[in-house]
Number of protein chains: 4
Amino acid sequence: MTTEIFKNIGRIPFKGPDSDDPLAFRDYEPDRMVLGKRMEDHLRVAVCWWHTFCWPGVDMFGAGTFDRSWQAADTLENAELKLQAAFEFFEKLGVPYFCFHDADVAPLGETIAEGDANLARIEELMRAGIDRTGVKLLWGTANLFSHRRYMAGGATNPDPEVFAFAAAQVARVLEMTHRLGGENYVLWGGREGYDTLLNTDMKREMDQLGRFLSMVVEHKHRIGFTGTILIEPKPMEPTKHQYDHDAATVHAFLRKYGLEKEIRLNLEVNHATLAGHSFEHEVAYAIANDLMGSFDINRGDPQNGWDTDQFPNDDREAALALFHILSAGGLTSGGFNFDAKVRRQSIDAEDLFMAHIGGMDTLARGLLMAERMIGDGKLAGFVTERYAGWTQGLGADILAGRSSLSDLATLARDQGLKPQPRSGRQEYLENLVNRY
Amino acid sequence: MTTEIFKNIGRIPFKGPDSDDPLAFRDYEPDRMVLGKRMEDHLRVAVCWWHTFCWPGVDMFGAGTFDRSWQAADTLENAELKLQAAFEFFEKLGVPYFCFHDADVAPLGETIAEGDANLARIEELMRAGIDRTGVKLLWGTANLFSHRRYMAGGATNPDPEVFAFAAAQVARVLEMTHRLGGENYVLWGGREGYDTLLNTDMKREMDQLGRFLSMVVEHKHRIGFTGTILIEPKPMEPTKHQYDHDAATVHAFLRKYGLEKEIRLNLEVNHATLAGHSFEHEVAYAIANDLMGSFDINRGDPQNGWDTDQFPNDDREAALALFHILSAGGLTSGGFNFDAKVRRQSIDAEDLFMAHIGGMDTLARGLLMAERMIGDGKLAGFVTERYAGWTQGLGADILAGRSSLSDLATLARDQGLKPQPRSGRQEYLENLVNRY
Amino acid sequence: MTTEIFKNIGRIPFKGPDSDDPLAFRDYEPDRMVLGKRMEDHLRVAVCWWHTFCWPGVDMFGAGTFDRSWQAADTLENAELKLQAAFEFFEKLGVPYFCFHDADVAPLGETIAEGDANLARIEELMRAGIDRTGVKLLWGTANLFSHRRYMAGGATNPDPEVFAFAAAQVARVLEMTHRLGGENYVLWGGREGYDTLLNTDMKREMDQLGRFLSMVVEHKHRIGFTGTILIEPKPMEPTKHQYDHDAATVHAFLRKYGLEKEIRLNLEVNHATLAGHSFEHEVAYAIANDLMGSFDINRGDPQNGWDTDQFPNDDREAALALFHILSAGGLTSGGFNFDAKVRRQSIDAEDLFMAHIGGMDTLARGLLMAERMIGDGKLAGFVTERYAGWTQGLGADILAGRSSLSDLATLARDQGLKPQPRSGRQEYLENLVNRY
Amino acid sequence: MTTEIFKNIGRIPFKGPDSDDPLAFRDYEPDRMVLGKRMEDHLRVAVCWWHTFCWPGVDMFGAGTFDRSWQAADTLENAELKLQAAFEFFEKLGVPYFCFHDADVAPLGETIAEGDANLARIEELMRAGIDRTGVKLLWGTANLFSHRRYMAGGATNPDPEVFAFAAAQVARVLEMTHRLGGENYVLWGGREGYDTLLNTDMKREMDQLGRFLSMVVEHKHRIGFTGTILIEPKPMEPTKHQYDHDAATVHAFLRKYGLEKEIRLNLEVNHATLAGHSFEHEVAYAIANDLMGSFDINRGDPQNGWDTDQFPNDDREAALALFHILSAGGLTSGGFNFDAKVRRQSIDAEDLFMAHIGGMDTLARGLLMAERMIGDGKLAGFVTERYAGWTQGLGADILAGRSSLSDLATLARDQGLKPQPRSGRQEYLENLVNRY
Ligand SMILES: [Co+2]
Ligand SMILES: [Co+2]
Ligand SMILES: [Co+2]
Ligand SMILES: [Co+2]
Ligand SMILES: [Co+2]
Ligand SMILES: [Co+2]
Ligand SMILES: [Co+2]
Ligand SMILES: [Co+2]
């Protein structure tokens, strides 16, 4: 089990923008200082266990295309081999973080007890891997969507026993995440939604989900976990509609159930666009409402209406998101996770590396662009100036609650107000963004 | 001004399903008793002023196609003629309600004062029309989106003077609505959003909007208006993104600004589908979260990504919505408003009548289908039975907060829980719906 | 192997619209005469092998949910059991047709030879099933998309050996279809497209595909197959873009490669909507261009951007399609195939039956509505009258090529033409459709 | 009439990438040599008359926001002022081309004769402008969609007199285009489609359109116009469905009516994405099928389902399109036209300039990236190598028609073919693109 797995690939070096080595970084330079902080500490990149090591290249119309030794069967032995591959990959790629679901790392069996032993063994190996490599756990999560018991939901299942089973899985992974020093715990409600409203009591299901999340928060405090609890919004797929549809929908939910101070968001680019939003929108919404947590930085295909989970390759999109994130103080416990699959035709180990390298270089370029945006202050300055009227006089009075509707009506009527529009300068600003 | 306008069309009669008279109702029978209430009192149908009397058949690629005497110029004289046409239309069609924007009914000029006189004259005529015909005002609203002063928003404008102007318009129409006995007041934020995030301070704009709505609520109470304040969600168009995106987004907003007990929703079918939801979803969401107010029952085109505002013609869609609405107690202050345009090629007065007749017949058929759904209890019974586990034992304990995550983990582990899935019966239920 | 499989379900009877037996037809009455032909002979309903007997309830986020004895392993023994289940299902449901892929009915192994023996055995059993039950083969097809060899295409693969393998599969199933009396042969190009243009030579791939189809047509004639060769358009999924995107795209392709007289279309409702068209549009386009062949009548979900392949439940949609189809002479070699999956939560055998019953009842209602549309002649009459100007005088001259652009310019100029628009009467027509 | 209109703006200079002057080019340098040709001669940029000089900032929910002297009324006097503004704009921006519709440049009145005189006067001034400035006409076109006579189509109207009127308009503008030295003539069929199939005879309408286009081609030859006739595909909007839906649909149409050698495509980025394609796809399709003509380079908004017609700002998208275009020999009679609107809030003259500057800089950067792509040969080399098997041996035999389906079946069976997949290297290629 100590044989090298990715045999022909060594530690990925930084070679700079002039390199054309596809197995080197051109832009990602962990120690480069950006706005007073190392690039690595800004981006906090994570590799995910599921797509990178578990997905065999299957899609709804085709069998697996990859040929990876540990994917032959769902055994503990293979799980150990997979873990070995994972840590070798983390080290060679040079990432500081990883993420996992319980079901990714060990066979879970049909009962909680069956999974316990396997997870214990894997936790031991994971601990050793973390200690040996210094790669840390960004977040753990429980898979409450693949097993047929969850076909009608985890927390929102019509059967309370499924809720109890889900609770047991979450408690177990939350505790494991805590022991392993994980910095966040994520909930993605892939089955917490409906296939048809005809068989669904939406209010009841939302109450169940509210109760579930409250219990998770309570458990977190009980065990002393100081990381962040995160919800990952997704509008649909696998179900017709999921209750954590987008940032705003989760926001409503958290406020309704009194959880808005306890839970934050893990936003995914692909889920943003499936919900009909730009990623930048979801980031800005989260920040405006104190919900920013962490990010899955994988993108979709603009022409395809499902979760393609592709590696990021658009540095301008990354830059605009990072501009908002850095302006809001930057990441704290969160990171940038690649919840991303190589394409089904990318069957070689090299593809797995190149995909991550490209994604990290994209983030790095985005960061350097955001640094320049912040550095010259033009974007922020434009916005500040545009809303200057709200910081004093009439605007300040309104915001401070010193004017009633009647007061303003009187003002507008008596002064014969004729407000004159000013250009929004959208094209100027778009041109400006293209200069960074 | 007392000449008949729709000369060749009389009062639209009910002729029943065997009639093939295109200018008669086949299904809409106001006095028919449905679940103990008159059909008219269930549906509370409203005609809108703007599309039905103001829109000239223009689109982004073409000039007006209609030939209506009162549309020649935006004068008070034409506004009076339009009002005459409106009440003649209401009476001939036999609807109990209408809706209007300030800008639909009178020339507003460039200052508040300029609009005051025109509106006063129109209010007088409207009062007379209401008294004479018995047709009532479902809701009034202010147009905060067409004039160039609002190009960057009303309440969310960077210029506080625009906010004040908007406040004056809303105060004026809210008071007018109150005097005319209107049952609701609606806010649709067509410019309360952004064209680009590059020039937008989202948090600030949402705070401005929150302040605005709070002032409206306070004014409502001050003047003694007992109707309902409603927000109409729409995801986009005219802007790239609007802050009242969908029911859930508005829900978050209302809770954040402490308005969730004061404001409810005016849901539009076309806006639901533009936001990526079924109308039934938005209805169910509103009910599950105590936000149901009123409805714009116009639909979109499933292949076109803009607000086509077509008359409803799908009785099954209407029936499923009405099934939820009636199950939740039915409409109170709300109604079904046709925020609908005839197609640009439907240039005749007959088209205007036939469009509304078809829409009302569709609602009537939907209502009769919903009556049967409720009558046999099969749909509701299925759902009740499906969630029966939550009304006692483990389920009740969980919902009541008597079990912690640990408790459930212990239960699942120690009892070796193996929950077995039960069929969701979606196809059975879809077949069932087709039987009503 | 002769034990009954669907034990508690007998022959599905017709019980009429008053029945509330979920395992009976309410509308589908095979012998009912409609426009001079039996309902069964109009609709020519087919059950598909793949979704109905092979799909285990898996999706991209979850394992199989069904529990069907023959799905345990991909062995010949299970294939035989599955075949037994299929014919029992066909008989109990009372459908006249079925469809299959080679890979659905037998294990195909890794080489052509490995598949030959298994297919031979299955063909023998299928022959016996057909003879015993009278259920016929609507169409056969080869699976050129699931095996990893096809990940980059069948006919459009960069490797000519894959083309040769695909040719061997198609030749084998085409011959088998011919021997079994199949009435059509279908090609669906699920991998004939691209994931990225960066690695794709589109012109070369289209030429390969053109060559492939020409060879199929030549082979059909060589072996004396008199059935119809059909292409099933789909815009995307599994690939980013497929070359048989929609009816018009296939039309262009067939004309470019001189195949428009040899190949027709198998149109699927769900693929129409994924391509941004109504199903009615694709039907009308196919008819207008002499390409109508057969139909996959499964629908999508209007809010979900992937192939949900749901059973039809919208009788109005079916009626409008059937109105076009019957007006064009009705189906000849084609049929209505349910390329439809029960939902993943519909895990019982009853669900499989109820889904097909609901679909057949929907088609039956659609047919009866179309009968009334055709019977009263109102829809067709309206259209004929609307275009009456083109059947004589100026219109006929133009269409017959008797006027040049100059002639018409002179006419318009000299006569001072001022054409006056006439109402398109869309709402009247929509109301009319709701009366059938 | 000789006063300067854009008073505070002079000739836009090239200042290079280090400039932060918003009214200077950073990348567009007309004389820079790229692959042996001047940048200006590669890009052949055109400004459009309609959006840039005619559109007043109106949208479906709001009145015009701009304040431009010549937009006050549709008079000949204003048309002359607009023409003056246009040529001043062309010169100051430094573009080589412009485009126009008849209705953009002069009041057309209600009869052909009414438009003749106005157009004659404008043609005279346009001739003088062209002679004075050296700016040339890329293409002319007739507006067959704005007037109410065209509400049900131009060539596809149910009324042959409308067809005749359209013919007169096209003949007139085609001749004017010819006299002015225009290099192309464009047809965009904004009303050549349907709002509902219920009132539409699709086959008849397509035959009418086929006839119309044949007449246009015949007239072109008759008058000796040697420019290119182009069709601009658009899937929908203003109608529900347009017959020139996308490149493939037009391809089918042209082949059906025998016009594929006579007419080519004017592809628009925004129309590509509305049709569910990437722009790169439409470019590649056009090239693969010998249909490349010219381009409208304005983009849409990925979250909005209508034609937003924004200025291009994505250099990577431009680069990939230009890579295909240059690889296919580059533009001949076509160009890059900005069929683009500034945003409704961009109300200043500066915005109009900055928008065009940003678009031209984007094209320039795209061109320089494409130069590097072509220069190092990596992208093309990868593709060539990937399909190498088709240039000899088995592949060449297949393409040349030397193998039948039977031959290949025998080959695959007898040789026991087991084709092995090779990685498609999508992520490597995406990374590569990010290096240019
Ligand atoms: Co995802
Ligand atoms: Co994710
Ligand atoms: Co609307
Ligand atoms: Co509305
Ligand atoms: Co499908
Ligand atoms: Co299909
Ligand atoms: Co456009
Ligand atoms: Co265009």
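Residues numbered from 1 in each chain as written. Chains lettered and ligands numbered in written order. Predicted model: local features only at pLDDT ≥ 70, side-chain atom pairs only at ≥ 80, totals over all residues. Heavy atoms only, no water.

S.K.: Would you mind going over the UniProt feature "active site" (unreviewed entry) in chain A with me for this structure?
M.R.: Residues and elements named next belong to chain A. In this structure's numbering, the residues bearing the UniProt feature "active site" (unreviewed entry) are His101 and Asp104. Note on placement: His101 falls in strand 4 (residues 97-101). The exposure class of His101 is buried, given its relative accessible area of 8%. Apart from residues no more than four positions distant in its own chain, His101 is found in contact with Trp50, Thr141, Ala142, Asn143 and Phe145. As for its position among the elements, Asp104 is in helix 4 (residues 102-105). When near neighbours in sequence (up to four residues on either side) are disregarded, Asp104 contacts Trp49, Trp50, Cys54 and Lys82. (UniProt positions renumbered as here; feature names shortened; annotations may be inferred. Helix = DSSP H or I, 4+ residues; strand = E, 2+ residues; numbered from the N terminus. Buried < 20%, exposed > 50% of the residue type's maximum accessible area, 1.4 Å probe, protein only. Contact = heavy atoms within 4.5 Å.)

S.K.: Even after reading the chapter, I still don't get the coordination of the cobalt ion (ligand 8), so can you show me in this structure?
M.R.: For a metal bound by four donors in a tetrahedral arrangement, the ideal donor-metal-donor angle is 109.5 degrees, while six donors in an octahedral arrangement ideally sit at 90 or 180 degrees. Residues and elements named next belong to chain D. Protein coordination at the cobalt ion (ligand 8): the donors are Glu232 (OE), Glu268 (OE), Asp296 (OD) and Asp339 (OD), at 1.9 to 2.2 Å from the metal. Metal-centred angles of 92 to 149° between the four donor atoms at the cobalt ion (ligand 8) mark the site as irregular. Read in sequence order, the donor residues coordinating the cobalt ion (ligand 8) give the pattern E-x35-E-x27-D-x42-D. In this structure, the cobalt ion (ligand 8) is positioned 4.3 Å from the cobalt ion (ligand 7), and both are ligated by Glu268. (Donors = N, O, S within 2.8 Å, 3.2 Å for Na, K, Ca; no water. Tetrahedral: all angles 85-135°; square planar, octahedral: opposite > 155°, others 65-115°.)

S.K.: Help me out: how do you make sense of the relation of the copies chain A and chain B in this one?
M.R.: What relates the two chain copies is a rotation about an axis together with a slide along it. For the pair chain A and chain B, the best superposition has an RMSD of 0.0 Å and corresponds to a rotation of 180° with a translation of 0.0 Å parallel to the axis. Each copy turns onto its partner about a two-fold axis. Scanning chain A for the C-alpha nearest the rotation axis identifies Ala252 of chain A, at a separation of 1.9 Å. An overlap of 100% is found between the interface residues of chain A and their copies at the interface of chain B, pointing to a shared contact surface. (Least-squares fit on C-alpha atoms with pLDDT ≥ 70 in both.)

S.K.: Please explain the state of the cysteines as it appears in this structure.
M.R.: Here is the idea: a disulfide is a covalent bond, and it sits between the sulfur atoms of two cysteines. Residues and elements named next belong to chain A. Summed over the entire model, instances satisfying the criterion amount to zero disulfides over all chains. Sulfur of Cys99: no disulfide; nearest cysteine sulfur belongs to Cys48 and is 7.3 Å away. Looking at Cys99, the relative accessible area reads 0%, which means it is buried. (Disulfide = S-S within 2.5 Å.)

S.K.: What should I look at first to understand the interface of chain D and chain C in this one?
M.R.: It is common to give the size of an interface as the accessible area lost on bringing the parts into contact. Residue-level contacts link 95 residues of chain D with 95 residues of chain C. Carbon and sulfur atoms make up 67% of the surface buried where chain D meets chain C, a total of about 8600 Å² over both sides. Where chain D touches chain C, the interface holds two salt bridges. Across the contact surface, chain D and chain C share 28 residue pairs in polar contact (both at pLDDT 80 or more). Per-element tally for the side of chain D that touches chain C: the top contributor is helix 7 (residues 202-223) of chain D, with 13 residues. Its residues assigned to classes, the side of chain D that touches chain C shows 45 nonpolar, 26 polar and 24 charged. (Buried area = accessible area lost by both parts, 1.4 Å probe. Salt bridge = Lys/Arg side-chain N within 4 Å of Asp/Glu carboxyl O. Polar contact = N/O pair within 3.5 Å; in protein donor to acceptor, adjacent residues only side chain to side chain. Nonpolar A, V, L, I, M, F, W, Y, C, P; charged D, E, K, R; others polar.)

S.K.: Just to check I follow, could you spell out the relation of the copies chain D and chain C for this structure?
M.R.: Between chain D and chain C, the superposition needs a rotation of 180° and an axial shift of 0.0 Å, giving an RMSD of 0.0 Å. Mapped onto chain C, 100% of the interface residues of chain D again fall at the interface, so both copies present the same surface.

S.K.: Mind showing me how you'd approach the environment of Ala106 of chain C here?
M.R.: Residue and element names in this part refer to chain C. Along the chain, the position of Ala106 falls in the loop between helix 4 (102-105) and helix 5 (112-133). We classify Ala106 as buried; its relative accessible area is 2%. Distance in space between the C-alpha atoms of Ala106 and Arg121 is 8.8 Å, their sequence separation being 15 residues. Filtering out sequence-adjacent residues up to four positions away, Ala106 remains in contact with Ala79, Asn118, Leu119 and Ile122.

S.K.: Just checking my understanding: could you explain the pairing of strand 6 (residues 184-188) of chain D for this structure?
M.R.: Side-chain positions along a regular strand alternate between the two faces of the sheet. Residue and element names in this part refer to chain D. Within strand 6, five of the five residues are buried, which leaves it mostly tucked inside the rest of the structure. Here strand 5 (residues 136-141) runs beside strand 6; their pairing, made up of two bridges, is parallel. Looking at the pairing, Gly140 lines up with Tyr185 of strand 6. Following the chain from strand 5 across helix 6 (residues 160-179) to the adjacent parallel strand 6, one finds a crossover that is right-handed. The sheet contact formed by strand 6 and strand 8 (residues 228-232) spans five bridges and is parallel. Looking at strand 8, one finds that Leu187 is bridged to Ile231. (Pairing = 2+ DSSP bridges. Right-handed = clockwise from strand over helix to strand, strands pointing away.)

S.K.: I'm lost on the coordination of the cobalt ion (ligand 3) in this one. Help?
M.R.: Residue and element names in this part refer to chain B. Listed as protein donors to the cobalt ion (ligand 3) are Glu268 (OE), His271 (NE2), Asp307 (OD), Asp307 (OD) and Asp309 (OD); their distances from the metal cover 2.1 to 2.5 Å. Separating the cobalt ion (ligand 3) from the cobalt ion (ligand 4) is a gap of 4.3 Å, bridged by Glu268, which donates to each. Taken as a pair, His271 in helix 9 (residues 269-274) and Asp307 in the loop between strand 11 (292-296) and helix 11 (315-327) lie far apart in primary sequence, 36 residues in all. Across this residue pair, the class does not change: His271 and Asp307 are buried.

S.K.: Before we go on, may I ask you to explain the domain arrangement of chain A in this structure?
M.R.: What the domain assignment lists for chain A is domain 1 (33-376) and domain 2 (381-433). Centre-to-centre, using C-alpha coordinates, domain 1 of chain A lies 41 Å away from domain 2 of chain A. (Domains from an automatic or database assignment.)

S.K.: Could you clarify how one ought to interpret the UniProt feature "binding site: Mg(2+) 1" (unreviewed entry) in chain A in this entry?
M.R.: Residues and elements named next belong to chain A. UniProt records the feature "binding site: Mg(2+) 1" (unreviewed entry) at Glu232, Glu268, Asp296 and Asp339, using the numbering of this structure. Spanning 108 residues, the annotated positions come together in the fold, the maximum distance between their C-alpha atoms being 11.5 Å. Within the element layout of this structure, Glu232 appears in the loop between strand 8 (228-231) and strand 9 (241-242). Exposure remark for Glu232: the relative accessible area of 4% places this residue in the buried category. Apart from residues lying up to four places away in sequence, Glu232 is in contact with Val186, Leu187, Trp188, Asp244, Asn266, Glu268, His271, Asp296 and Asp339. Tracing the backbone shows Asp339 in the loop between strand 12 (336-338) and helix 12 (349-376). Residue classification places Asp339 among the buried positions, given a relative accessible area of 7%. The residues contacting Asp339, other than those within four sequence positions of it, are Cys48, Trp50, His51, Glu232, Glu268, Asp296, Asn298 and Asp309. Within polar-contact distance, the side chain of Asp339 engages the side chain of Trp50 at 2.7 Å.

S.K.: Please explain the interface of chain A and chain B as it appears in this structure.
M.R.: Residue-level contacts link 95 residues of chain A with 95 residues of chain B. Of the roughly 8600 Å² buried where chain A meets chain B, counting both sides, 67% is carbon and sulfur surface. Asp116 of chain A serves as the salt-bridge partner of Arg413 of chain B, at 2.6 Å between the closest nitrogen and oxygen. Between the two partners, chain A and chain B, sit 28 residue pairs in polar contact (both at pLDDT 80 or more). Per-element tally for the side of chain A that touches chain B: the top contributor is helix 7 (residues 202-223) of chain A, with 13 residues. Within the side of chain A that touches chain B, the residues separate by chemical class into 45 nonpolar, 26 polar and 24 charged.

S.K.: Where do I start with the pattern of salt bridges in this structure?
M.R.: Side-chain pairs of opposite charge can arise where the charged atoms are in close proximity. For the structure shown, the criterion picks out 120 salt bridges over all chains. Arg121 of chain D is the partner of Glu124 of chain D in a salt bridge, and the nearest nitrogen-oxygen pair spans 3.4 Å. With Glu124 of chain D and Arg121 of chain D both in helix 5 (residues 112-133), this residue pair falls three residues apart, about one helical turn. The exposed category is assigned to Glu124 of chain D, whose relative accessible area is 52%. Its relative accessible area of 31% is what places Arg121 of chain D among the partly exposed residues. If you follow the salt bridges from partner to partner, you end up with Asp31, Arg38, Glu40 and Asp41 of chain A in one network.

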